[in-house]
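A look at the structure
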Amino acid sequence: MKARVAVLVFPGTNSEEETRDLLVDCGADARIVHWSEAASLVYYDAFVLPGGFAYEDRIRAGAIAAHDAMLDAVIEGAQAGKYVMGICNGAQILLEAGLAPGTGEIRRPTAAFTHNAQGHFICERVLLRRTVPATRCAIAAALPENLLIPAWAAHAQGRLAAAPAHLDELDRDGYIVFRYADAAGATDAHLAPQGSAHGAAALTNREGNVLAIMPHPERDAWNFNHLDRREGSDPLAPSGGSVLFKSFVTALERL
Amino acid sequence: MLCSSSNFRRGPSLRDLKVAELDDEALREQADALGLALRVDELRSIAQRLERAPSFVELYAFDAQWSEHCSYKSSRALLGRLPTAGPDVVLGPAEDAGILHLGEHEGERYGIVIAHESHNHPSQVVPFEGAATGIGGIVRDVLCMGAEVVAVADPLRFGSVDSGREHQRAVARGVVDGIAAYGNAIGVPNLAGDCYFDGDFDDNVLVNVVALGLVKESEVIHSRVPRHGENFVLLLVGKATDASGFGGASFSSVALDAQEAQSNKGAVQVPDPFLKNVIMRASYRVFSLLRERGIEAGFKDLGAGGIMGCSAELCSAGGFGAEVDLDSVNVALDRLLPEVIAVGETQERLLWALPEEIVDEVERIYNEEFSLPQVAQNARAVRIGRATAAQRYQLRHLGEIVMDVPIDFLTGSVRDTLPVEAPTPPPMRREQDLHCKRSLDDLFHQILAHRDVCSRAPLYRHYDAVVRGRTVIPRGEADAGVMAPIRGSRLAFALSVDGNPRIGRLDPQRAAEHAVYESIRNVVAVGAEPIGLTDCLNYGSPRDARQYGELVAGVDGLARAARDFGLAYVSGNVSLYNGAPNGHAIPASPIVACLGRLTDLSHCVTLPLKEIGSHLYLVGETQRALGGSVLASILALADEAVPEIDIERIVAEHRFVLAAASNGLLRSAHDISDGGLFVTLAEMSFGALADRRAPIGIDLDGYAGWSAAGRFESAFGESGGIVVEVADRDVERFEELAGALESVREIGTTIAEPLLAFEDEAWEIADLHRSWSRPLEELFP
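One structure accompanies this document, and this report is about it. Numbering of residues begins from 1 in every chain and follows the order in which that chain's sequence is written. For this description, chains carry letters from A and ligands carry numbers from 1, given in the order in which they are written. Only residues with pLDDT of 70 or above have their local features reported here, since the model is predicted, and side-chain atom pairs are shown and tallied only from 80 upward, although totals for entire chains, interfaces and linings are computed over all residues. Side-chain measures here rest on the full set of heavy atoms in the structure, leaving out hydrogens and waters.

1. Some thoughts on the overall build of chain A
Rules: Secondary structure elements are taken from DSSP: a helix is a run of H or I of four residues or more, a strand is a run of E of two residues or more, and numbering for both begins at the N terminus. Only protein chains enter the area calculation, which uses a 1.4 Å probe; residues under 20% of their type maximum are buried, those over 50% are exposed, and those in between are partly exposed. Here a residue-residue contact requires only that any non-hydrogen atoms of the pair lie within 4.5 Å. All accessible-area figures derive from a Shrake-Rupley calculation using a 1.4 Å probe, and residue coverage is judged against the displayed protein chains alone. Asp and Glu count as negative and Lys and Arg as positive, but His and the ends of the chain are not part of the count. Here the site of a charge means atom NZ of a Lys, CZ of an Arg, CG of an Asp or CD of a Glu.
Of the regular secondary structure elements, chain A holds five helices and 11 strands. If you line up chain A on its principal axes, its C-alpha atoms span 45 × 45 × 35 Å. Within chain A, the proportion of its 255 residues that are buried is 61%. Within chain A, contacts between residues separated by at least 24 positions form 74% of all contacts whose residues are at least 6 apart in sequence. Entry remark: accessible area of chain A is about 9000 Å², with carbon and sulfur atoms responsible for 50%. Chain A carries 22 positive and 30 negative side-chain charges, and their two centres are separated by 2 Å.

If you want it as structure tokens, here you go:
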């Protein structure tokens, strides 16, 4: 049986359809779950929080959504070992909910994806490379070593910030699953387009069942929207950033 | 914002205007005191038709409805000259948006809804809010056709933004921030746009907006009460009505005055993209409910004229009158005056006309399932009236009738006949090549760094180009944006928006023709077949015979070019009274959007060079006409002719380029526009840099000796045309396909050295890129 994945929609979410579509194309039974249907979330095997501007980014990006009733089910699920992936605004929500990096209490964030160094929204192509061992984060475990994953950075608040000592801890203990890379695979911190600490693009938790990733792999994920589309390939077939979603679905199938 | 509003200075005891008792001078004085833009003769005709003194509510209603913005009174007769019918036209320009046929997928016919508007005056006065509500408004125009909103685009014209011009710079930044804040939040990708900087827009920027939607042609919802719609309920949806945007339609219909700019700020609406995001998704749910039940409804955006304008047009378009109860409107403030509730232009509102049987369920979707009242203070869906068989438009307030007029008199066409002065004849073509003492090298760098040529990335990187995941080619990677809107289908569309103000200043008719030609050329350059057009006519005052003459010439140019290319206009907008307080108008600015169709998106062509050893061909001719070019403006050349459009040749060229693209023979393509051929070639080389690859160089070994014009015209002229890259293995097939087409010539090859080599010159691509990529970074950091 296919894994049942809930794609959560808060007021202000805007990337639910492509996120659902890619999960389906990667083999999951993914459904969009609206905020008025929060009670149904307990029946799902995994959760994906897509991009957008939940609750208008009031206070801080993700701050209100982290207190939404939908997060009760997500927090409970994550603590029980269910897989949870947040993309862009979804990642911000997971940090505000204390699920990633998960080094503090629930709903008491220890780190944030906050305002870009340039002070405004940016939309540009980026490359990501996993910089932790495959076993560190189950969701990213099926990715080949050193693979460069294409994605789009499209956010106003994507710069990882925390107390300096805590940032060093996150770096040292393998919480930073993906970093911004160049075409040669280098991951110098300056490659982060918004000045993210340690060049961080994604964080996991201690257990490795939560992934909070700022750039959007699902926007460069089929041949038709993939930068390096090959001539003669099926334009509707998954490619590019879909490898991360495939890895997510593979992890679910192994449960 | 209540009785203290600058637009309202009367005590509530005097609620009608005794038109018959006043002489012209006194009437004008009273109308001015009320903030009415209606003319004295218009006021008299209202009183005569009503056979009584009109109430204030009625006056504000006519003021909005008969404004230039709503009635097109100066332009409607001209607009009849534009072609509006064609094989791909599903719906022409009669409703809130037009529809073009995209293609079939799994037995369903799909249409692309397209709307084109301006938000020029609001963006000048309050740039952030003005530009944001421009996006907000155009998105509603598309949504209300029953469509899913899939893309926006924004042609922009800013003033001169040199250092020290803080006001113009702040306006430009505010506009870009407003577009980004709204479009990004609602999750609609920004697919296309263009941008010019010119001192003639210092006091009056242009902010045009285009929005696209996807709809099954069998599921279009019209902007009218259906034929059987007597007693249909009028259900208002959205933000609580407040005092913002009162007088918006009239404000857009008069020239801007710097002194009044401050007091006009109240006429600009307040954007709420967060609420709009939820309203859009809730409306999609309502669309599926109506489909399931097989219910025909009417749906319309609240724009100019607010509740009154929308309900009157929705009902009269279906052949009905309307009764609306202003007391049932959800308001943000108590004690709003009835005219403010009736004609104020609070954002984020739409109006349904629905049969009684479905109203409760629709209300439940908006108010409970999508919890509008929790999303924004007192936002909701609420019944406000009904469509009536009686041909009257009636408004009630506090239990009394405050407006009761024949509906066709309110919404019917008012037309002004205006004196026209034909534009000065444009300069003639030169017989000799241009003599210029400056070096190609020096000019090349200056042109690359010119504000109308240099990279737009610092601007458009503020916009989300890829939300929804269906963008095939984002801005900057080809001449037109391309999107595949239907999951599981290879169908795609291409969009380009164009209009060159440098030509507008010289030759209003040809500026319109070039806007059409360029938008079509850009769509062709990505391998898409052009299927339809929209236009936004941005001009000065119709009360100035010369400025009005530019509008007349522009419409003629648009009509002629579209007929020549065999295309129709399905949507459009007219924005008049654009200019400086001293009466100096903006350059004639017809702005055209072209929609193209790709039956298989794998045939689309991007701009960056793809491989070494390819052959570069120029498809097009160079003319000894630098009028409107960047080179002419840098060299301050007067008396230059604007390039002619040799329609037969160009149509044949486009047919050829499309055939080559669909046969997979084009590795890359880029049109020749601002800055000319050398800029086109340089940008094709830069493409690889954006993809983080080593740039591919160009050797123009085939360039010498073929051009009919001189060096400067050939390098920097803007006569149009398209440069294409053909792989060595495809050259034979490509040339065979070109056949007898004379205007296809090989001009060079791609090389491994990162150079652009021409005769004795060899420019480093990286140096050229430095000149081109940076100029806008300081304006949009």
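2. As for helix 12 (residues 306–317) of chain B
All names here are of chain B. Note the following rule: For a helix, the expected span equals 1.5 Å multiplied by the residue count minus one.
Across its 12 residues, helix 12 extends 16 Å between first and last C-alpha, which sits within 8% of the 16 Å expected from 1.5 Å per residue. Among the residues of helix 12, Gly306, Ile307, Met308, Gly309, Cys310, Ser311, Ala312, Leu314 and Cys315 are the ones counted as buried. Phi for glycine 319, located one or two positions after helix 12, is positive at around 85 degrees.

3. A word on unusual backbone geometry
Note: most peptide bonds trans; most residues except glycine with negative phi. That bond from Ala100(A) to Pro101(A) is cis: its omega, -5 degrees, falls within 30 degrees of zero. Residue placement: Pro101(A) occurs in the loop between helix 3 (89–96) and strand 5 (111–114). One non-glycine residue with positive phi stands out, namely Asn146(A), at about 65 degrees. Looking at where Asn146(A) falls in the secondary structure, it is placed in the loop between strand 6 (122–130) and strand 7 (148–155). Even without glycine at this site, Asn378(B) takes up a positive phi of about 60 degrees.

4. A few points about the packing of helix 11 (residues 273–293) of chain B against helix 14 (residues 356–369) of chain B
Residues and elements named next belong to chain B. Inclusion rule: For every element, the axis is a line fit to its C-alpha atoms; helices are fit only across the contacting stretch, and the angle between N-to-C directions ranges from 0 to 180 degrees. Throughout, the term roughly parallel applies to angles under 35 degrees, roughly antiparallel to angles over 145, roughly perpendicular to angles from 65 to 115, and oblique to all others. Crossing handedness follows the turn of the near helix against the far one: under a right angle anticlockwise gives a left-handed crossing, and clockwise gives a right-handed one.
Viewed as axis vectors pointing N to C, helix 11 and helix 14 meet at an angle of 155 degrees, and their least axial separation amounts to 10 Å. It follows from the interaxial angle that helix 11 and helix 14 lie roughly antiparallel. Two packed elements cross with a definite hand, and for helix 11 against helix 14 that hand is right-handed. Two secondary-structure elements touch here, helix 11 through Ile279, Ala282, Ser283, Arg285, Val286, Leu289, Leu290 and Arg293 and helix 14 through Ile358, Glu361, Val362, Ile365, Tyr366 and Glu369.

5. Here we look at the interface of chain A and chain B
This is how the line gets drawn: Note on terms: buried area is the combined drop in 1.4 Å-probe accessible area of two parts once they are placed together, counting the loss on both. Throughout this description, the term salt bridge denotes a Lys or Arg side-chain nitrogen within 4 Å of a carboxyl oxygen of Asp or Glu.
Each partner contributes to the interface: chain A provides 41 residues, whereas chain B provides 42 residues. Of the roughly 3400 Å² buried at the junction of chain A and chain B (both faces included), carbon and sulfur atoms supply 51%. Taken together, the links from chain A to chain B amount to seven salt bridges. Its salt-bridge partner being Arg125(A), residue Glu477(B) comes within 2.9 Å of it at the nearest N-O pair.

6. Here we look at the pairing of strand 7 of chain A
Residues and elements named next belong to chain A. Note the following rule: For two strands to be treated as a pair, DSSP must find no fewer than two bridges joining them.
With seven of eight residues buried, strand 7 lies mostly within the body of the structure. Pairing between strand 6 and strand 7: eight bridges, direction antiparallel. By the bridge assignment, valine 126 is partnered in strand 7 with alanine 151.

7. Some points on a negative patch on the surface
Residue and element names in this part refer to chain B. Rules: Each patch is assembled from residues with relative accessible area greater than 30% and no salt bridge, linking like charges that lie within 9 Å and nonpolar side chains (Val, Leu, Ile, Met, Phe, Trp, Tyr) that lie within 5 Å.
Taken together, the side chains of Asp701, Glu732, Glu735, Glu736 and Glu746 make up a negatively charged region of the molecular surface. For the negative patch, the element with the most residues is helix 26 (residues 731–738), which contributes three residues. Note on placement: glutamate 736 falls in helix 26.

8. A closer look at the sheet that holds strand 18 (residues 569–575) of chain B
Residues and elements named next belong to chain B. If you trace the six strands from one edge of the open sheet to the other, you get 14-15-16-19-17-18, paired in mixed fashion. Here the strands that pair on one side only, and so sit at the sheet edges, are strand 14 (471–473) and strand 18. Taking each pair of neighbouring strands and ignoring which way they run, the sheet shows an average axis angle of 25 degrees. In this structure, strand 16 (residues 492–498) lies alongside strand 19 (residues 589–598), joined through seven bridges in antiparallel fashion. Following the sheet pairing, alanine 492 is matched in strand 19 by leucine 598. Along the sheet, helix 20 (residues 508–525) contacts strand 16, strand 17 (529–538), strand 18 and strand 19; its crossing angle with strand 19, the most-contacted strand, is approximately 25 degrees.

9. Observations regarding the side chain of Ser771(B)
Residue and element names in this part refer to chain B. The line we're drawing: What qualifies as a polar contact is a pair of N or O atoms within 3.5 Å, subject to a donor-acceptor requirement within protein and to the restriction that residues adjacent in sequence count only when both atoms come from side chains.
Tracing the sequence through the fold places serine 771 in helix 27 (residues 765–773). There is a polar contact of 2.7 Å between the side chain of serine 771 and the side chain of histidine 445. When near neighbours in sequence (up to four residues on either side) are disregarded, serine 771 contacts His445, Leu448 and Ala449.

10. Re the environment of Ala201(A)
All names here are of chain A. Within the secondary structure, alanine 201 is located in strand 10 (residues 200–204). Look at alanine 201 and you get buried, because its relative accessible area is 0%. When the C-alpha atoms of alanine 201 and phenylalanine 113 are compared, they prove to be 9.4 Å apart, with 88 residues separating the residues in sequence. Sequence-distant contacts of alanine 201, that is, excluding residues within four places in its chain, are made with Phe113, Leu128, Phe178, Arg179, Tyr180, Ala212, Ile213, Met214 and Pro215.

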